[in-house]
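# What the coordinates show
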Amino acid sequence: MIKTDILIIGAGPTGLFTVFEAGLLKLNCHLIDALPQPGGQCSEIYPKKPIYDIPGFPEILAGDLTKNLLEQGKQFKPGFTLGERAETIEKLEDGSFIVTTNKGTKHHAPVVAIAGGLGSFEPRKPLIQNINNFEDKGVDYFIKDPEVYRNKKIVISGGGDSALDWSIFLADVASEVTLIHRRNEFRGALDSVEKVRELRALGKIKLITPAEVTALYGTDGLESVTVTKEDETIILGADHFIPLFGLSPKLGPIGNWGLEIEKNAIKVDNSRNYETNIPGIFAIGDVNTYPEKLKLILCGFHEATLMCQAAYRIINPGKKYVLKYTTVSGVDGFDGTRKEAPKAVVQSIQ
């Protein structure tokens with residue numbers, strides 16, 4: 001039995017930042033995540049993609065944000081159960097919870113914080129008969145390491161930001177990039193659409209619209225694809241086919257925990273502390289919903305901060321926490337380390 005103060009389900013950015021905020025309140029955290037490494041989508045789906053709306057960072061790669069959050073929380077010695085999915089929850093008579101994973105690992109905590117992002121997610125796959133045969137053999141639904149495509153022939157399908165952004169990025173990596181969309185119009189950012197047009201004019205991106213990839217060929221791996229454009233059939237040599245049609249988010253087993261669900265998200269009380277309809281269970285980050293909700297990482301950080309204050313009151317009933325700015329109080333880690341601003345030296349002038 002793993003015991004902790006706050007059990008965090010989801011080790012994405014919001015879950016990782018919770019470790020730091022809880023640590024300031026002298027609360028221990030343990031995180032469960034179905035992925036084999038921390039970071040959530042930032043490390044699994046787009047580690048090399050830049051993020052522009054993290055305060056204090058004009059631009060930061062998603063993978064670097066994960067590393068920084070892990071470093072920030074390291075002194076509070078969080079525990080991790082990775083590669084396992086939170087399966088069941090049991091509320092005990094004292095109000096605490098036991099959460100068991102799909103591999104039987106049990107966790108006991110007085111507070112549970114669900115920070116599962118979109119929940120468990122699956123890529124939306126194109127309806128190509130033999131596509132499963134080429135998965136991990138040339139067909140990729142996520143781009144983790146762009147260097148895999150160095151000097152390769154790449155075919156990308158999709159009409160959103162991901163398809164546009166990766167076509168632009170890989171234009172300087174791959175030997176050949178072909179972007180295919182079933183419509184002439186794209187639904188991505190205007191500057192990305194303009195950039196694709198520029199790169200097409202320079203011969204760095206091939207654009208085929210309206211069209212679809214309808215067949216895949218190869219023996220040990222992908223070798224070519226068939227593109228159907230109206231009444232025309234085009235055969236393209238391809239080392240990789242990357243369909244970027246988005247994700248189908250699912251709450252998974254958490255959806256059966258008796259929580260109030262609305263449109264595949266967990267309803268919370270945003271007027272106070274993001275608690276769910278079950279006292280002691282909170283939902284923070286993209287997994288929750290409330291009026292005027294924005295699915296932004298920075299909003300998840302704010303929600304985690306207020307949630308930790310509520311967790312402190314549950315764990316320490318009757319005890320009041322006096323907020324002190326870290327610039328004044330410093331930060332004392334559970335590992336014996338201390339971070340503090342240099343103290344002013346008092347000197348007299350003679």
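Conventions adopted
- Residues numbered from 1 in each chain as written.
- Predicted model: local features only at pLDDT ≥ 70, side-chain atom pairs only at ≥ 80, totals over all residues.
- Heavy atoms only, no water.
- Pairing = 2+ DSSP bridges.
- Helix = DSSP H or I, 4+ residues; strand = E, 2+ residues; numbered from the N terminus.
- Buried < 20%, exposed > 50% of the residue type's maximum accessible area, 1.4 Å probe, protein only.
- Core = buried A, V, L, I, M, F, W, Y, C linked by side-chain atoms within 4.5 Å.
- Contact = heavy atoms within 4.5 Å.
- Disulfide = S-S within 2.5 Å.
- Patch = residues over 30% accessible without salt bridge, like charges linked within 9 Å, V, L, I, M, F, W, Y side chains within 5 Å.
- Areas by Shrake-Rupley, 256 points an atom, 1.4 Å probe, with all protein chains shown as cover.
- Salt bridge = Lys/Arg side-chain N within 4 Å of Asp/Glu carboxyl O.

### Structural notes on the pairing of strand β9 (residues 106-109)
- Here two bridges tie strand β1 (residues 2-3) to β9, and the two strands are oriented parallel to one another. Counterpart to Ile2 in the pairing with β9 is His107.
- As judged from the four bridges shared by strand β8 (residues 97-101) and β9, these two strands associate in the antiparallel manner. Within β9, the residue paired with Val99 across the bridge is His107.
- Here β8 folds back onto β9, and the loop between the two strands holds four residues, one of which, Gly104, carries a positive phi near 90°.

### A look at unusual backbone geometry
- A cis amide bond links Thr209 with the next residue in sequence, Pro210, at an omega value of -20°.
- One can find Pro210 in the loop between β14 (206-208) and β15 (212-217).
- Even without a glycine there, the phi angle at Lys26 is positive, about 65°.
- Assessed through its relative accessible area of 49%, Lys26 is described here as partly exposed.
- Positive phi is not limited to glycine here, since Glu292 has a value of about 65°.
- On the secondary structure map, Glu292 appears in the loop between β23 (288-289) and α6 (297-315).
- Glu292 sits in the exposed class, given a relative accessible area of 75%.

### Overview of the nonpolar core
- If you look at the biggest cluster of nonpolar residues, it comprises 54 residues, and the most contacted ones within it are Ile6 and Ile114.
- Of all the secondary-structure elements, those providing two or more residues to this core are β2 (6-9), α1 (13-24), β3 (29-33), α3 (62-73), β8, β10 (111-114), β22 (281-283) and α6.
- In terms of residues, this core owes the most to one element, α6, which gives seven residues.
- Beyond its immediate chain neighbours, meaning those up to four positions away, Ile6 contacts Ala22, Leu27, Asn28, Cys29, His30, Val111, Ala113, Cys308, Ala311 and Ile315.
- Counting 21 residues, the second-largest nonpolar core is a separate cluster that includes Ile168, Leu170, Ala171 and Ala174.

### Some points on the state of the cysteines
- Applying the stated criterion across every chain yields a total of zero disulfides.
- Cys29 forms no disulfide, and the closest cysteine sulfur to it belongs to Cys308, at a distance of 6.1 Å.
- Between Cys299, a cysteine without a disulfide, and Cys42, which holds the nearest cysteine sulfur, the sulfur-to-sulfur distance is 14 Å.

### Overview of a nonpolar patch on the surface
- Residues Leu294, Leu296 and Leu298 make up a contiguous nonpolar surface patch of roughly 220 Å² in combined accessible area.
- Mapped onto the fold, Leu296 is located in the loop between β23 and α6.
- Judged by its relative accessible area of 30%, Leu296 falls in the partly exposed class.

### Observations concerning the pattern of salt bridges
- Tallying each qualifying case throughout the model produces 14 salt bridges.
- For the salt bridge of Lys267 with Glu260, the shortest nitrogen-to-oxygen distance reads 3.5 Å.
- Overall, Lys267 belongs to the partly exposed group, its relative accessible area being 31%.

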